[in-house]
Number of protein chains: 2
Amino acid sequence: MHEDIRKKGELARQASRRLVTRDTRTRNRALKTIAETLTAQQSSIVDANSRYLDAGLQAGLSEALLVRLLLNSSRLQDVARDVLAVAALPDPVGETFDACTLPNGLQIGKRRVPIGVIGVIYESRPNVTVDISALCLKSGNAAILRGGKEAWHTNMALAATVQDACLKSDIPAGAIQLIESQDRAIVKDMLTAHQYIDMIIPRGGAGLHRLARENATIPVITGGIGICHVYVDQTADLRKAVPIIHNAKVQRPTVCNALDTLLVHRDVADELLPQVVHALAAAGVEMRCDPRALVIVEEHPAVQPAGPQDFDTEFLSLVLAVKVVDDLDEALDHIYQHGTQHSDAIVTENYTRAMRFVNEVNSAVVYVNASTRFTDGGQFGLGAEVAVSTQRLHARGPMGPKELTTYKWVVLGDGQIRE
Amino acid sequence: MHEDIRKKGELARQASRRLVTRDTRTRNRALKTIAETLTAQQSSIVDANSRYLDAGLQAGLSEALLVRLLLNSSRLQDVARDVLAVAALPDPVGETFDACTLPNGLQIGKRRVPIGVIGVIYESRPNVTVDISALCLKSGNAAILRGGKEAWHTNMALAATVQDACLKSDIPAGAIQLIESQDRAIVKDMLTAHQYIDMIIPRGGAGLHRLARENATIPVITGGIGICHVYVDQTADLRKAVPIIHNAKVQRPTVCNALDTLLVHRDVADELLPQVVHALAAAGVEMRCDPRALVIVEEHPAVQPAGPQDFDTEFLSLVLAVKVVDDLDEALDHIYQHGTQHSDAIVTENYTRAMRFVNEVNSAVVYVNASTRFTDGGQFGLGAEVAVSTQRLHARGPMGPKELTTYKWVVLGDGQIRE
């Protein structure tokens, strides 16, 4: 194991043990201090950021990537505001639930506690360094962060700012640590450091997720990959369907909750598809249609035949796969076979089919008559999110501070023994 | 991947998808039918069991193991009764929680749903085959079971009985399947079959847990290994302390919630330790004491000096490690360094130290003035347990039917799109 992981791991464990004794007020005060320190140290952070943007330009990074990596003072103010928003959220730690008194007089209940040490491996956008730090501190967890190499200097500057603020706020040293080494082998060491890390969150593409799943000996939260469907039923109100499809596809096409596949009941395909093609083509969307949809809209220049991979692709761009189905069962089968259990929606006015869709689609988030774009911690009222989980254990969908906690059983007695 | 895993995995996935549509009544009726069928097919099961007991005798298995493997009609009646007890539990599936209406009118909430397909790898006792089947069906999950080779014939007979009952009760074929091959390589195939299995529970010794942690690409629930502590504080009521220590060590020493290490505050060691040694020696317990405890009780024949491993051992037998500590902090440090986050108790009359112990000991179950032996699904009112988790994600401590569920977000709208 890399020396850096061992040292930081031990420090994080110690910090995590001490963090448990820091009350809500102390943790929230630390978050406020982080926001203040970000503002106070703004010029040195912006400076570090522009230094690596220069290096990125020289290394030939694309302009789109450079724009994502940019952290000017206005963006930094947004980051600071997000930290204050996390501070304002209710504290999940300490909540007691499923409590009762047993017949023998034992008082038992589950108490919500921090998970311990969270490992996060992420790529590109540097604001993640601060977001994750804030969410972990809010929920009483220590964190070991490993950012992408494109944002190295900025991440270092941001982590230093966070640590600085923690020191001023009675948060134990080592609560938030950034891996400094750029050695790629260190990622595998992180994934197997179960003596130091309790949960690993890989935030990145499919390759990173596979690496984590195949190598981790620590519980991994995978997510953030969504092949999302909207199914338009024969009873759908098309005045709802077209805006939902447009919003799910166009409002922000580069993210995991954006629409990838439109399924349309054959009885409404003739009426709906021309409207959809008209609205989406105007927004620059290219539509890849199965043969039955193609018959209806093939004249339109934004339409082309779907290829073999199009129904198994997360496009992350202005492309939409379109398929006509015979009935709800075919739609359910399609989602079952091609979905990623992220976010799927039905548009219908029929009560029974709405309920069947909700009951039988096995995704983290199922929608009736709404855009899949709502799958988001902020939109769901969690205040912020550390990831969108598409696995089935622990948490599903947007994960806020509460999803960074676990529970312990607390059993209070007065001398009970087991018969 | 072994053909048996692939075939059974595909069947289990299909069954799991259909199980979601089976209501509480159908699943409970299946459990009642299992109990009836166990009784009806009693003679053939007992026959299969005695056949492999014969084989075990010839193979030279110890008498203790053969006793554990025995399934006579009286034990089979107990198993059937446990299945009926699971049927009588409330159904965890379908519960809605954290529900609210967002400002934009979206109704959102989390709905409890089955996890999907549960893989269980277990050793020895054949009743586990039925217990796990019942808990999985109760919670709407499919299961792929892999029992130990010592109980092969009995497990086959029991699984056939369960499947027979499922067929009669409108439970989809493939809901409960037993791996028939005795090929050991199949265990590793199970651990990496993430396309078919959503959660793996290894029920066995430390070797099996390590194998699972190191090889699984599926979320694993580890647990069932406990180095459990009782700390007797200087204010303890010794009339409570001695029975708690005796019960935790003696009532069933072979299980994971039995006491391993007794920590005693120096101020009460002189008074407590002779009483403990007297009571425990009478029950056949051997005590391994650190130097400070040894000074007090070394004359007693049941006492000997602790060896270097004794504070890191789950004894599973009538052995107790004993240590005198200066204060609560030393006790907390000891538990932190040597514990397995299973079950730990303090005996005290002091409110503040009781609260510190509850807050700072980071175990699945923390006790004040009660025996660690209560860590059990039945005792905690869960009705039954599939495992005792000592990991931090998803579930901790005894896992009943509710802990075999996850949730999906259900979002009901009337045309909402994201701004």
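Preceding this paragraph is the structure being described.
By convention here, each chain's residues receive numbers from 1 onward along its written sequence. As a convention, the first chain written is A and the first ligand written is 1, with the rest following in written order. Local features are withheld for residues below a pLDDT of 70 in this predicted model, meaning they are given only at 70 or higher, and side-chain atom pairs are given and counted only at 80 or more; totals for whole chains, interfaces and linings count all residues.

A. Layout of the interface of chain B and chain A. In this description, a residue-residue contact is defined by the distance between C-beta atoms placed from the backbone, which must lie within 7 Å. Each partner contributes to the interface: chain B provides 57 residues, whereas chain A provides 58 residues. Helix and strand labels come from DSSP, where a helix needs a run of H or I of at least four residues and a strand needs a run of E of at least two; each type is numbered from the N terminus. Going through the elements one at a time, α9 (206-215), α10 (238-250), α14 (351-360), β13 (365-370) and β16 (405-416) of chain B are the ones with two or more residues in the side of chain B that touches chain A. It is β16 of chain B that contributes the most residues to the side of chain B that touches chain A, eleven residues altogether. Of the residues that constitute the side of chain B that touches chain A, the class distribution is 27 nonpolar, 18 polar and twelve charged. Strands qualify as paired when DSSP identifies two bridges or more between them. In this structure, strand β16 (residues 405-416) of chain A lies alongside β13 of chain B, joined through five bridges in parallel fashion. Its bridge partner being in β13 of chain B, L412 of chain A is matched across the sheet by V368 of chain B. Under this grouping Gly is polar, as are all residues other than the nonpolar Ala, Val, Leu, Ile, Met, Phe, Trp, Tyr, Cys and Pro and the charged Asp, Glu, Lys and Arg.

B. How the structure looks around the environment of E95 of chain B. All names here are of chain B. Tracing the backbone through its elements, the reader meets E95 in the loop between α5 (73-88) and β1 (96-101). Overall, the presence of 15 C-beta atoms within 10 Å leaves E95 in the partly exposed class. Between the C-alpha atoms of E95 and G223, which are 128 residues apart in sequence, the distance is 26 Å. Field definition: a residue is buried when 20 or more other C-beta atoms are found within 10 Å of its C-beta, exposed when 12 or fewer are, and partly exposed for counts in between, with C-beta atoms placed from the backbone.

C. Region of interest: unusual backbone geometry. Residue and element names in this part refer to chain A. Positive phi is not limited to glycine here, since D98 has a value of about 50°. Considering the arrangement of structural elements, one finds D98 in strand β1 (residues 96-101). Residue D98 is classed as partly exposed on the basis of its C-beta count, with 14 C-beta atoms lying within 10 Å.

D. How the structure looks around the sheet that holds strand β4 (residues 142-146) of chain A. Residues and elements named next belong to chain A. Taken in spatial order, the four strands line up as β5-β4-β3-β6 in an open sheet, and their pairing is parallel. The open sheet has two free edges, formed respectively by β5 (176-178) and β6 (199-203), since each of these has just one partner strand. Within this sheet the neighbouring strands show an average axis-to-axis angle of 15°, counted without direction. Only the contacting stretch of a helix is used when fitting its axis, a line to C-alpha atoms as for every element, and angles between N-to-C directions run 0 to 180 degrees. Along the sheet face, helix α1 (residues 3-19) touches β3 (117-122), β4 and β5 and points at about 150° away from the line of β4. Sheet contacts for helix α7 (residues 152-168): β4 and β5; angle to β5, the most-contacted strand, approximately 160°.

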